[in-house]
Amino acid sequence: MAEKRTTTPSAHRDNAREDALADAVGEQRAKHDVTTPALGVVGMLRWAWTQLTSMRTALMLLLLLAVAAVPGSIWPQRVQDSFAVQTWIEENPTVGPILDFFQMFDVYSSVWFSAIYLLLFISLIGCIIPRARKHYQQMTSPPPRTPRRLERLPEYGALELADDGPSLDQALDDAAAVLKKRRYRVEKRETSVGAEKGYLKEVGNILFHVSLVGVLIFIAFGSMFSYRGQKVLMEDEGFVNALVAYDNFYPGTWFSEDQLEPFSIRLNEFERVFDRQVDENFEPLDGFGQPLEFTAHVTVQDGHDAEPEDTTLRVNHPLTLGGAQLYLVGNGYAPVVTVRDGEGEVAFSGPVVTRPDDPVYTSMMVIKVPDAQPEQLGFVGLFLPTAYDDGTGMAISTDPDLHEPELHLNSYYGDLGLDDGVPQNVYVLDTDNLEVLNSRESDEGGIVLAPGETHELPDGLGTLEFEEINDYIAIDIHYNPGEAGVLVFALLASAGLIATLFLRRRRAWVTVEQTPAGRTLVRYGLLSRGEDFSLRDETIALRTQLEKIWPVRPPEETEPSGVVSGEGPNTTRGI
Amino acid sequence: MILAIDGTELQPINVELAEYSELFMLISAFIYTLAFILFTVDTARSSATIRRVEAELAQEQEAERIAVTAGAAEATASAQADGAAKTAQASTAETSQPDTSTAETSSDGAGPGEAEVNAELVDDDMAYARPKRPLANVAVAITAVAAAAHIFAVVARGLAAGRWPLGNMFEFLTAAALVVTVVYLLALIRRDLRFLGVFVLGLVVTMMVAATIGFPTPVGHVQPALQSPWIVIHVSLAVLAMALFTLTFAMNILQLVQSRRERQVTSGAEGALARSSFMRLVPSALSLENWSYRINAVGFVFWTVGPMITGAIWARESWGRYWGWDPKEIWTFVIWVVYACYLHARATRGWTGNRAAWLSIIGFICIIINYAVVNVFFPGLHSYAGLPE
Ligand code: HEM
């Protein structure tokens, strides 16, 4: 369709329709230019405020927000993984610090990201308050006054009633009744009826935007009073919710220690289920050996006075204790070992957390024995649940379950560097200042142990005994009092969104007049605010209902009483 | 023959059904390709379609003239009324100044006028207009057959694994292709979207090929984190939203082309576009914009409720925080904001038309990034792509 337009067509009908209404009422079009700043501080401020709360600014800020969020997916973020950030900066010593200066590793708490969303929300509030006030006025006042020229409205039509038709006043009453039945709010005037419906559309819009503010407030509230911590729990070990018991703890800004409810949890048993499906020839199917279920059997006590209770903790099934949630986030094997030193004393005994590195639980293991005499001892190596020597002399694990558990370790002696009080990563043994005792390269060879076996260290420096295998789980504990509020406002926002997008705000007017021939001429016009693609359907429905209650003269007999040039009064335009 | 997995309630994989599923997935991809080819041929033959309509119109007018000379005045009146109604329908509400004049002048003999032919070719409410397009119709029918095979493949996959079949990239992509097709077919019942056929089928074939070649994944169980009822609503809504955004993407691209053509036509320039017969079978830019707005609005609601809200709920269940700026979450947010921009643009003076179309296109590009780039290259909690290690 070649339509002759000089400007880009405005598909958003709000502007066009407001203009149409103004046109029909006979008003000047509203001026949309922003007035140039008046002199003086107040004038400047007012001008700045108008600019900030304009739709165009909102659009720009939203675009900016989208762009500003992207860097967070390009570089590692401290909220996600502060270790990855540290590594990244170390690997890129020139760019790293520059990016860090611009807060590229803390995008979502950065000054610039915060500035954008705070401006956006100020703009939103400044935009929504006047809109809400205006809408309240509209809801509590009668429908807008009847335009003088109904035929200028996007939907217009007229009906000439037959000679035996109702009187003017009766016709108005009838029209009002029909509109009311179509759920319009109706006001009868001298020679016309004004009607409007769909106020909920705007209510939805306001609800949506206000709810966004609500979401933001509760996010902020939640992060201030929240806490988050991690704990590795061995089989038969318990945890009581107190600051000292955590392995890692991240408090919110306004966290205070008495927020920690004294609940406790104890791991009784841990169960892993792996995919064991084979085909008819007993060949493993795809996915063989992949984890299917992790179940931690635990005993919990929600506060000092509560009864202990047996339950399970599983992935996707957090426990709620003392208002906090406990999640199963990790698990692994903890071989129980005993180290005797050169003097025959037990220098270490207990389960050691190993870190699974792949789907078959090839696990990194580090044992530090600073109490050993005469030399401190250190062990580093692997725990393999199902060890298999593929002929190269290097054992690998072939299955995550405990079919052939083995320890493969190197041992060292010397100063472990633990005495000078510098905190160390327990999962890393720094061997730079240590002497090798056992290793695959050394004459002594590496240590290979099955459960129940003991290895003698060279030079009479001690023994390492592999007793049995325990399980451990890693739990995350989260407390966030803002979550419920965020959820409620997010759902309210959705409801508002659906209302604003799919409800239609419509205005309708019906006028009556006497034709020169003494008959009743009814005209009607409809107008929509916002997007409305079915205003014509509404018009047709309205017309059909009107035609049903009145005797309408067929179009041919109607004299063209000069209603619209070129169109008979009985045509609804556009049908 | 199938061994039970001890200690779990998970149902064992039904190997036979899984094989059928894979077979039907391939079959449907082949039929889609066929439909795509037919749609392409139909597009290439647009000028023939137009010529046929012109010929038909000329014939009718000839018959009309004879009737007029025979003095059957009523016939003219009704034919004119009919013509006027059609033209009026074709223009949108606010621009409806039906140029009945062309209808009248052209009935004087010279043959159908350009505007009149155009009015017969497409309808801006996307109702079925006059041109018969047998090739396109066959393509639509074939697409329906392919969709049936595709539905079987997806359902069989779900049954074989005993779970909702949206657990990895392969399943996500093939399901999205299916939803695109089904939404397109459903829309075709009421609306003439045949002009979109090449684009929709092109995208569907691309998705199927990408799934099969890029992310082949055998039927299997999913890891514990994905065994949640939330996957049903969260991922399904995401797929639905993506399918809708895919449709609007195609429409918005066409809108940009069409609006260029409209400018060429009005300025009288003899560009290649102005003469493109395919674009004459495509509704006006304004109509494309309005329809993609309607679809985008639905897509935005799905995106809000699906990836955003249920995603947050599930993340809280599974990982202990409702939002953690994981790369996938970042892009979900970016996409949401871009489409919010789009909705805002439509209410801002000077930002409708092509600019709004661009925003919608950018939104779709973000979806592609979220899907293809983030899943494959950025590590994160969402790395469930089912890619080989
Ligand atoms: C937090 C950022 C914001 C988001 C996510 C957002 C989102 C939305 C969405 C999705 C709509 C579509 C509803 C519709 O078309 O009826 C909308 C409409 C609207 N928004 Fe926002 N908005 C935001 C901020 C703002 C701001 C700052 C303003 C004011 C300057 C504003 C003013 C409006 C108006 C007036 C509409 C109605 C448009 C219409 O009549 O169609 N919004 N907003």
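A short tour of the structure in this document, coming up. Note that the structure is a prediction, hence the values are computed from the model and not measured.

Looking at the overall build of chain B
Each helix and strand counted, chain B has 14 helices and 0 strands in total. Counting helices and strands in the order they occur from the N terminus, chain B gives α-α-α-α-α-α-α-α-α-α-α-α-α-α. Looking at chain B alone, contacts between residues at least 24 apart form 83% of all its contacts between residues at least 6 apart. For chain B, the exposed area adds up to about 15800 Å²; of that, 66% sits on carbon and sulfur atoms.

Describing the coordination of the iron atom of the ligand
When a metal holds four donors in a tetrahedron, each ideal angle between them is 109.5 degrees; when it holds six in an octahedron, the ideal angles are 90 or 180 degrees. Protein coordination of the iron atom of the ligand is provided by His-209 of chain A (NE2) and His-344 of chain B (NE2), with donor distances spanning 1.9 to 2.0 Å. The site at the iron atom of the ligand holds 6 donor atoms, and with the angles between them running 74 to 179°, its shape is octahedral. Placement of the pair is His-209 of chain A in helix α9 (residues 199-225) and His-344 of chain B in helix α13 (residues 327-345), with the two residues belonging to separate chains. Overall, the relative accessible area of 13% leaves His-209 of chain A in the buried class.

Looking at the pattern of salt bridges
Residues and elements named next belong to chain A. This model, assessed by the stated rule, comprises 28 salt bridges over all chains. As a salt-bridge pair, Glu-538 and Arg-182 come within 3.1 Å of each other at their nearest N and O atoms. In this pair, Glu-538 sits in helix α11 (residues 535-549) while Arg-182 sits in the loop between α8 (168-181) and β2 (185-188), placing the two residues 356 residues apart along the sequence. Under the relative-accessibility criterion, Arg-182 is labelled buried at 19%. Residues Arg-272 and Asp-471 are paired through a salt bridge, measuring 2.8 Å at the closest nitrogen-oxygen approach. With Arg-272 in strand β7 (residues 264-274) and Asp-471 in strand β22 (residues 462-479), the pair connects residues that are 199 residues apart, well separated along the chain. Taking relative accessible area as the criterion, Asp-471 reaches 11% and is therefore assigned buried. What emerges from the salt-bridge pattern is a single network uniting Arg-182, Lys-197, Arg-506 and Glu-538.

Description of the site of the ligand
Residues in close proximity to the ligand total 26 residues, the closest being Cys-127, Arg-131, Asn-205 and His-209 of chain A together with His-344 of chain B. Nearby residues place the ligand at the junction of chains A and B. The separation between a nitrogen atom of the ligand and a polar side-chain atom of His-209 of chain A is 2.7 Å. Interatomic distance of 2.4 Å between a side-chain N/O atom of His-344 of chain B and a nitrogen atom of the ligand. Elements supplying a minimum of two residues to the shell around the ligand: α3 (55-69), α7 (111-140), α9 and α10 (483-502) of chain A together with α12 (285-319) and α13 of chain B.

Remarks on helix α5 (residues 78-91) of chain A
Between its first and last C-alpha, α5 of chain A extends only 16 Å over 14 residues, short of the 20 Å set by a 1.5 Å rise per residue. The sharpest bend along α5 of chain A measures roughly 55° and falls at Ala-84 of chain A.

A few points about a negative patch on the surface
Taken together, the side chains of Glu-280 and Asp-286 of chain A together with Glu-16, Glu-19 and Glu-22 of chain B define an acidic patch exposed on the protein surface. Positionally, Glu-19 of chain B belongs in helix α1 (residues 15-44).

Remarks on the packing of aromatic side chains
Scanning the entire structure with this criterion turns up 29 aromatic pairs over all chains. Aromatic pair Tyr-227 of chain A and Phe-255 of chain A: ring centres 5.4 Å apart, planes at 70°, arrangement edge-to-face. Here Phe-255 of chain A lies in the loop between β6 (248-251) and β7 and Tyr-227 of chain A lies in strand β4 (residues 227-234), a separation of 28 residues in the sequence. Comparing Tyr-227 of chain A with Phe-255 of chain A shows no difference in burial state: the two are buried. Ring geometry for Trp-325 of chain B and Phe-333 of chain B: centres 5.4 Å apart, planes at 85°, overall edge-to-face. Residues Trp-325 of chain B and Phe-333 of chain B agree in their burial class; the two are buried.

Here we look at the packing of helix α6 (residues 134-161) of chain B against helix α7 (residues 169-190) of chain B
Residue and element names in this part refer to chain B. One way to put it is that α6 packs onto α7 with a least axis distance of 10 Å and a crossing angle of 140°. Looking at the two axes, α6 sits oblique to α7. Along this stretch, α6 crosses α7, giving a crossing that reads as left-handed. Across the interface between the two elements, Val-140, Thr-143, Ala-144, Ala-147, His-150, Ile-151, Val-154 and Arg-157 of α6 pack against Phe-170, Glu-171, Thr-174, Ala-177, Leu-178, Thr-181, Leu-185 and Leu-188 of α7.

Overview of a nonpolar patch on the surface
Residues and elements named next belong to chain B. Together, Tyr-20, Leu-23, Ile-27 and Phe-152 make up a nonpolar patch on the protein surface, roughly 350 Å² of accessible area in all. When residues in the nonpolar patch are grouped by element, the largest group, 3 residues, is from α1. Looking at where Ile-27 falls in the secondary structure, it is placed in helix α1. What makes Ile-27 partly exposed here is its relative accessible area of 33%.

What about the sheet that holds β2 of chain A?
Residue and element names in this part refer to chain A. Overall, antiparallel pairing links the 5 strands, which are arranged β1-β24-β23-β3-β2 in an open sheet. Of all strands in the sheet, those with a lone pairing partner are β1 (155-160) and β2, marking the two edges. With direction set aside, neighbouring strand axes in the sheet form an average angle of 15°. Relative to strand β24 (residues 520-529), β1 runs antiparallel, the two sharing 6 bridges.

Re the environment of His-403 of chain A
All names here are of chain A. In this fold, His-403 is placed in the loop between β17 (395-397) and β18 (406-414). Spatially, the C-alpha atoms of His-403 and Leu-384 are 9.5 Å apart, while their sequence positions differ by 19 residues. With near-sequence residues (within four places) excluded, His-403 lies in contact with Arg-276, Pro-385 and Thr-386.

Let's talk about the sheet that holds strand β5 (residues 238-240) of chain A
Residues and elements named next belong to chain A. Taking strand neighbours across the sheet as the criterion, the 4 strands line up as β5-β7-β8-β9 in an open arrangement whose pairing is antiparallel. Of all strands in the sheet, those bounded by a partner on one side alone are β5 and β9 (309-314). On average, each strand axis in the sheet is tilted by 30° relative to the strand beside it, whichever way the strands run. Direction of pairing for β5 relative to β7: antiparallel, over a ladder of 3 bridges. Opposite Val-240, over in β7, you have Ser-264 as the bridge partner.

Definitions and cut-offs
Residues numbered from 1 in each chain as written. Chains lettered and ligands numbered in written order. Predicted model: local features only at pLDDT ≥ 70, side-chain atom pairs only at ≥ 80, totals over all residues. Heavy atoms only, no water. Helix = DSSP H or I, 4+ residues; strand = E, 2+ residues; numbered from the N terminus. Contact = heavy atoms within 4.5 Å. Areas by Shrake-Rupley, 256 points an atom, 1.4 Å probe, with all protein chains shown as cover. Donors = N, O, S within 2.8 Å, 3.2 Å for Na, K, Ca; no water. Tetrahedral: all angles 85-135°; square planar, octahedral: opposite > 155°, others 65-115°. Buried < 20%, exposed > 50% of the residue type's maximum accessible area, 1.4 Å probe, protein only. Salt bridge = Lys/Arg side-chain N within 4 Å of Asp/Glu carboxyl O. Near = heavy atom within 4 Å. Polar contact = N/O pair within 3.5 Å; in protein donor to acceptor, adjacent residues only side chain to side chain. Expected span 1.5 Å × (residues − 1). Bend = angle between axes of the 7 residues up to and from the residue. Patch = residues over 30% accessible without salt bridge, like charges linked within 9 Å, V, L, I, M, F, W, Y side chains within 5 Å. Lys, Arg positive; Asp, Glu negative; His and termini not counted. Charge placed at Lys NZ, Arg CZ, Asp CG, Glu CD. Phe/Tyr/Trp six-rings, centres within 6.5 Å; stacked < 30°, edge-to-face > 60°. Axes fitted to C-alpha atoms, helices over the stretch in contact; angles between N-to-C directions. Parallel < 35°, antiparallel > 145°, perpendicular 65-115°, else oblique. Left-handed = near helix turned anticlockwise from the far one by under 90°. Pairing = 2+ DSSP bridges.

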